[in-house]
Amino acid sequence: MASSAVNASSVAMVSLDICSRCDFDGRVGCWIGNERGKWNKLAVAAASTKAPKFGMSISPMASSAALAETRWSSRAKFYKEVLKDAREKFTQEISFQSKDKDISLTKVLLYVASEDEAFMAFNREMDAYSLQNERRSASLLSDTLDWKCVEAMPLAGKNMSEWMAELDSIAREVEAELVPRDIGCHLVEVLDAVNLVLFKSRGFKRSSVIVDSKCSYLHSVLSSGYCSAILLSVIYIEVCRRLNLTIVGSRIGEEFLIWPQTGNPEELFKVTSGHSLFSIVNGKCVNDPKSKASDIDSNSLSGLEIATNRDIIGIALANLMRIHWKRASKANHGLMLTSPLRSVDNSDEKFKKTDASSVPLLRPQDLRLAIMASERLLILQPHNWVLRRDHGMMLYYSREYEEAVQELSICMAFAPEEEAEVLEAFVEKLHLLRIESSWKNLGHKGRLTVT
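On a predicted model such as this, the values are computed, not experimentally measured, just so you know.

A. View of the packing of helix H6 (residues 187-201) against helix H8 (residues 229-242). It is at 11 Å that the axes of H6 and H8 come closest, and there the two elements cross at 130°. Here H6 is positioned oblique relative to H8, judged by the angle of their axes. With respect to the hand of their crossing, H6 and H8 are arranged in right-handed fashion. Where H6 approaches H8, its residues Leu191, Val194, Asn195, Leu198 and Phe199 are matched on the opposing element by Leu232, Ile235, Tyr236 and Cys240. Within the contact of H6 with H8, the residues separate by chemical class into eight nonpolar, one polar and no charged.

B. Quick peek at the packing of aromatic side chains. Enumeration according to the criterion identifies six aromatic pairs in this entry. Plain terms: the ring middles of Trp325 and Tyr397 are 5.2 Å apart, the flat faces sit at 50° to each other, and that makes the pair tilted. Of this pair, Trp325 sits in helix H11 (residues 309-328) while Tyr397 is found in helix H15 (residues 385-397), placing the two residues 72 residues apart along the sequence. Since its relative accessible area comes to 2%, Tyr397 is described here as buried. Between Tyr396 and Phe426 the ring centres are 5.1 Å apart and the planes differ by 80°, which places this aromatic pair in the edge-to-face class. Of this pair, Tyr396 sits in helix H15 while Phe426 sits in helix H17 (residues 417-441), and the two are 30 residues apart along the sequence.

C. Spatial organisation of the pattern of salt bridges. Considering all chains together, one arrives at 19 salt bridges under this definition. A salt bridge links Lys89 to Glu151; its shortest N-O distance comes to 2.7 Å. Of this pair, Lys89 sits in helix H3 (residues 60-93) while Glu151 is found in the loop between helix H4 (105-134) and helix H5 (160-178), placing the two residues 62 residues apart along the sequence. Accessibility expressed as a relative area gives 22% for Lys89, which makes it partly exposed. Between Arg388 and Glu407 there is a salt bridge, and its shortest N-O distance comes to 2.6 Å. Placement of Arg388 in helix H15 and of Glu407 in helix H16 (residues 401-414) is noted, with a sequence separation of 19 residues between them. Both residues of the pair, Arg388 and Glu407, belong to the buried class. One network of salt bridges, in which partners are shared, links Arg87, Glu115, Asp116, Glu375 and Arg376.

D. Looking closely at the confidence of the model for the protein. Of all residues in the protein, 73% attain a pLDDT of 70 or more, and the chain-wide mean is 79. Note that residues 1-65 has pLDDT below 50 and, in this model, 99 contacts with residues that lie over four places away or in other chains. In this model residues 347-353 is a low-confidence stretch, pLDDT under 50, and it forms 14 contacts with partners more than four residues away in sequence or in other chains.

E. Just a negative patch on the surface, in detail. On the surface, Glu417, Glu418, Glu419, Glu421, Glu424 and Glu428 cluster together into a patch of negative charge. Here Glu419 shows up in helix H17.

F. Looking closely at unusual backbone geometry. One non-glycine residue, Asn244, adopts positive backbone phi at about 60°. Inspection of the secondary structure puts Asn244 in the loop between H8 and strand S5 (247-252). Overall, the relative accessible area of 74% leaves Asn244 in the exposed class. One non-glycine residue, Arg399, adopts positive backbone phi at about 65°. Residue position: Arg399 is located in the loop between H15 and H16. Note on Arg399: relative accessible area 22%, which makes it partly exposed.

G. Local environment of H6. Between its terminal C-alpha atoms H6 stretches 20 Å, which fits the 21 Å expected from 15 residues at 1.5 Å a residue. Considered for burial, the residues of H6 that qualify are Leu187, Val190, Leu191, Ala193, Val194, Asn195, Val197 and Leu198. The elements touched by buried residues of H6 are H5, H8, S5, strand S6 (255-260) and helix H9 (277-282).

H. Region of interest: the nonpolar core. Of all hydrophobic cores here, the largest spans 120 residues; its most connected members are Phe204, Ile235, Tyr236, Ile313, Tyr396, Tyr397 and Leu430. In terms of residue count, the dominant contributor to this core is H4 (12 residues). The contact partners of Leu430, leaving out residues within four places of it in the chain, are Tyr396, Tyr401, Ala404, Val405 and Leu408.

I. Quick peek at the side chain of Ser233. For Ser233, the location among the structural elements is in helix H8. We classify Ser233 as buried; its relative accessible area is 5%. Residues contacting Ser233, with those up to four places away along its chain left out, are Phe256 and Ile258.

J. Spatial organisation of H4. Its 30 residues give H4 an end-to-end C-alpha distance of 44 Å, which sits within 8% of 44 Å, the value for a rise of 1.5 Å per residue. Taking burial as the measure, the 30 residues of H4 include 24 buried ones, the bulk of the element.

Cut-off values and rules
- Every chain is numbered independently, its residues counted from 1 as its sequence is written.
- A pLDDT threshold of at least 70 governs which residues receive local features in this predicted model, and a stricter bar of 80 or more applies before side-chain atom pairs are shown or counted, although totals over entire chains, interfaces and linings include all residues.
- Note that water and hydrogens are dropped before the side-chain values are worked out from all heavy atoms of the structure.
- Axes here mean lines fitted to C-alpha atoms, for a helix over just the part in contact, with angles spanning 0 to 180 degrees between N-to-C directions.
- Secondary structure elements follow DSSP: runs of H or I of four or more residues count as helices, runs of E of two or more count as strands, with numbering from the N terminus.
- Orientation is classified from the angle alone, with under 35 degrees giving roughly parallel, over 145 giving roughly antiparallel, 65 to 115 giving roughly perpendicular, and any other angle giving oblique.
- Crossing handedness follows the turn of the near helix against the far one: under a right angle anticlockwise gives a left-handed crossing, and clockwise gives a right-handed one.
- The contact criterion used throughout is that any non-hydrogen atoms of two residues lie within 4.5 Å.
- Residue polarity follows a fixed list, in which Ala, Val, Leu, Ile, Met, Phe, Trp, Tyr, Cys and Pro are nonpolar, Asp, Glu, Lys and Arg are charged, and the others, Gly among them, are polar.
- A pair of Phe, Tyr and Trp rings is counted when the ring centres sit within 6.5 Å of each other, with Trp represented by its six-membered ring. The angle between the planes then sorts it: under 30 degrees is stacked, over 60 is edge-to-face, the rest tilted.
- Under the scheme applied here, a residue whose accessible area is under 20% of the maximum for its type counts as buried, over 50% as exposed, and between as partly exposed, the area being computed with a 1.4 Å probe on protein chains only.
- Any Lys or Arg side-chain nitrogen located within 4 Å of an Asp or Glu carboxyl oxygen qualifies as a salt bridge.
- Scored from 0 to 100, pLDDT reflects the predictor's confidence in each residue.
- Nonpolar side chains (Val, Leu, Ile, Met, Phe, Trp, Tyr) within 5 Å and like charges within 9 Å form the patches, drawn only from residues with over 30% relative accessible area and no salt bridge.
- The Shrake-Rupley method, run with a 1.4 Å probe sphere, supplies the accessible areas, and residue values consider only the shown protein chains as cover.
- In this count, Lys and Arg are taken as positive residues and Asp and Glu as negative ones, while His and the chain termini are left out.
- By convention, the point assigned to a charge is CZ for Arg, NZ for Lys, CD for Glu and CG for Asp.
- Residue count minus one, scaled by 1.5 Å, sets the expected span of a helix.
- Each nonpolar core is a collection of buried residues, namely Ala, Val, Leu, Ile, Met, Phe, Trp, Tyr and Cys, held together in the definition by side-chain atoms within 4.5 Å.

Here is the structure:
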């Protein structure tokens, strides 16, 4: 396992720009350390290994292993390009040079899904390669990929264009539902038809508590119908846009509410068969006295701040980051991103004597996916000190101390004074952890104690 893992790492982290600072430690998808340049040496060594020119033949087992590594390296390089392409196109789509109304919610969220799926596919490739080295009879995944760009990458069996066409199909179903009614384009009837298709025909269900990350990816939601409130809102907005009906939304407490732009908001709150259109569209939170959404009526609706497309994308990414963090820290009940900061602030004795071994072990793949969501959020909101603090803390949990120091140092420039003081004390600890990590990477024994 160890030898195959070293070979795997020669391509692994270079193929992931996001994770290129790390090395594989032998566990499935777990990356630690900081060994830049290692890949080049190993890759050159692997590339320069050729059969001797004299009459000695390579054994079938060695030949098979070399072929397997070549195939794996090629696929790893390809996934590197997909990851890079997806991130670049996400960034282009939400660029501040673009008008907000021109941003495609569908396209942006599918780029997010494509990048994350490429990362997880890479990990699956790595597992298969390691297994193939352990058990020579095991086979790798298929030799070739029949798609060449991120837009053509299959997500649950369909590419980006096909998932966008799925929304077109839903809109056509709504149009077909309106035809026999012969009632023109009255707002209430259109919304009733949209609700019928989404909730009855298609079976979409809003989940108030998300435990499965699939509920936070647009293609999975379109496939299963089980989704987070924000993604159901995105689908509603996109379907109505195809029907030339503008739907707007606003963040109210922990909820995101949507409604059509209308000069007569009273009709949205008119109760028919026990429910109003507003409650059908937005779910049970509207009638929950514990939710701020229950306070909204036709009079207060016009005073709400309308969310931009960038705001909606930010909410979706924040939810995605939250669910992956929860999954990553599942084995550490009650662990919060800011827990180490509280320890510093309280001068906790346990933290005063600490080293890298005191950092909790988290699920590496989910932690990396949370970090990737955080990176995208920072592209949207680069001056949000809370987001940058949380990003730096996730890098700390990932044992990327140098990068954590950098992010938290930037955060200190934007944070309130009292928060900056806490961060400063923690960053001093991280400096020493970074030195200790470098010390061990150089082969020194023993540990440096942070005091």
